[in-house]
Amino acid sequence: MKSLNRMKAIMVKEIRQLSRDKLTFGMVIMIPLIQLLLFGYAINTDIRDIPIAVVDQSESTFGRLITESVKVTQVVSVKQHYPTVKEAEKAIQQGVVRAALILPKDITQRMVQGRELGQWIVDGSDTMISAAILGLQSMPLSDLDFDIRNSAHAKTFEVTLFYNPSRQSAVNIVPGLLGVILTMTMILFTSSAIVRERERGNLELLITTPIHSFELMVAKIIPYIFVGLIQVFIILGLGYFIFDVPINGSLSQILLGTLLFISASLTLGLVISTIAKTQLQAMQMTIFILLPSILLSGFMFPYEGMPVVAQWIAEILPATHFMRLIRGIVLRGADLIDLWRDTVWMIIFTIIGLFIASKRFKKSLD
């Protein structure tokens, strides 16, 4: 009986301590809630509205009817029209569109002769996107006029897969895995940086030094930049030699793009570190950030398959921009200028993160 009373006292103490720790209690509620919403609502493998371009060299009524027929499927959404195939290919490289529908000048003759009516040029680095486009390779003509329906039963297209013609999943996963691992390690390392100094009693010593808050934040993240670069070398190196993942982009572009993402992730970790009171809280907040970063960044599921609200949240996360950036550079041979929107966002995110972290740290000294 006395043993039960002692155990009861400890349980009551733990419950009271948990209820007083608002951050931990909030994580208990929010983590399963966020997971439920992400997996049940935001994650969607039924891809719709894939952004594509159309190059209609026929400039004919039939060409326009085919374009409308493709749009009706709702699998794709026509975002651009280009006069030449070269411009469409450049748009795919830059990530503006994921595929291009090429309609040649002799499209009517091709229809009468029963030949392929045109060509799909697809960013094959994402196997889910390429699979969805391949589903449009042969489509019924039931939505076109009577004369066309009597000329052929279905319209077929040649499909050319760029960057991953063999449709190997590793080609898409390995560069994306780089973003996930860097997100996990960089945020986790720095999220406990200030907390660790506080728990060890070193914070008082830092307060007495002449170092400024901003200088401290920058000095905290620089050592971890080298850790991140080692991870980049390991992941891309093993991916290249073991899984035959091509590295089509410049190594200098890969380095610069990765440095931007490492800096953004480290500053996010510092912000968490100024909020958390204990290392346990810092780890809990890291998990809270890590889950959306993995599920909404496009690593596991295509960005285009997500609801609009989920896409808005994804656009805030550095991991989303890095996924587009590293895949664009490594697989499509793009550069930071081609992917300037993602480049600029990570620079802005890093600057804002450092500012917030330094301000919060200074505030904690008062």
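Conventions we followed
Residues numbered from 1 in each chain as written. Predicted model: local features only at pLDDT ≥ 70, side-chain atom pairs only at ≥ 80, totals over all residues. Heavy atoms only, no water. Helix = DSSP H or I, 4+ residues; strand = E, 2+ residues; numbered from the N terminus. Buried < 20%, exposed > 50% of the residue type's maximum accessible area, 1.4 Å probe, protein only. Contact = heavy atoms within 4.5 Å. Axes fitted to C-alpha atoms, helices over the stretch in contact; angles between N-to-C directions. Left-handed = near helix turned anticlockwise from the far one by under 90°. Nonpolar A, V, L, I, M, F, W, Y, C, P; charged D, E, K, R; others polar. Arc of directions from axis to C-beta. Parallel < 35°, antiparallel > 145°, perpendicular 65-115°, else oblique.

**Thoughts on the overall build of the chain**
Then comes step 1: A tally of regular secondary structure across the chain gives 16 helices and six strands.
Then comes step 2: Within the span of the chain, comprising 366 residues, buried residues form 49% of the whole.
Then comes step 3: A fraction of 77% describes how many contacts in the chain between residues 6 or more apart in sequence connect residues 24 or more apart.

**Some words on the environment of Gln168**
Then comes step 1: Turning to its location among the elements, Gln168 is positioned in the loop between β6 (154-162) and α8 (169-191).
Then comes step 2: According to the relative accessible area criterion, Gln168 is partly exposed, its value standing at 33%.
Then comes step 3: It is 9.2 Å that separates the C-alpha atoms of Gln168 and Gly124, two residues lying 44 residues apart in sequence.
Then comes step 4: In contact with Gln168, other than residues within four places in its own chain, are Thr127 and Phe243.

**So, the packing of α8 against helix α15 (residues 318-330)**
Then comes step 1: For the pair α8 and α15, interaxial distance at closest approach is 9 Å and the crossing angle is 140 degrees. Read as a crossing pair, α8 and α15 show a hand that is right-handed. Here Asn172, Pro175, Gly176, Leu178, Gly179, Val180, Leu182 and Thr183 of α8 come into contact with α15, specifically with Ala319, Phe322, Met323, Ile326, Arg327 and Val330.
Then comes step 2: Residue classes in the contact of α8 with α15 are distributed as nine nonpolar, four polar and one charged.

**Let's talk about helix α14 (residues 308-316)**
Then comes step 1: Ala310, Gln311 and Ala314 are the residues of α14 that are buried. The buried residues of α14 occupy an angular sector of 100 degrees when projected down its axis, which confines them to one face. Turned more than 90 degrees away from the buried face of α14 sit Trp312 and Ile316, all of them exposed.

**Description of the packing of α8 against helix α13 (residues 279-296)**
Then comes step 1: One can describe the packing of α8 onto α13 by two numbers: an axis separation of 10 Å at closest approach and a directional angle of 160 degrees. Judged by the angle between their axes, α8 and α13 are roughly antiparallel. The hand of the α8/α13 crossing is right-handed. Contacts between α8 and α13 involve Val180, Thr183, Met184, Ile187, Leu188 and Ser191 on the former and, on the latter, Ala282, Met283, Thr286, Ile289, Leu290, Ser293 and Ile294.
Then comes step 2: In terms of residue class, the contact of α8 with α13 is built from nine nonpolar, four polar and no charged.

Spatial relationships are all this shows, so hold off on functional conclusions.
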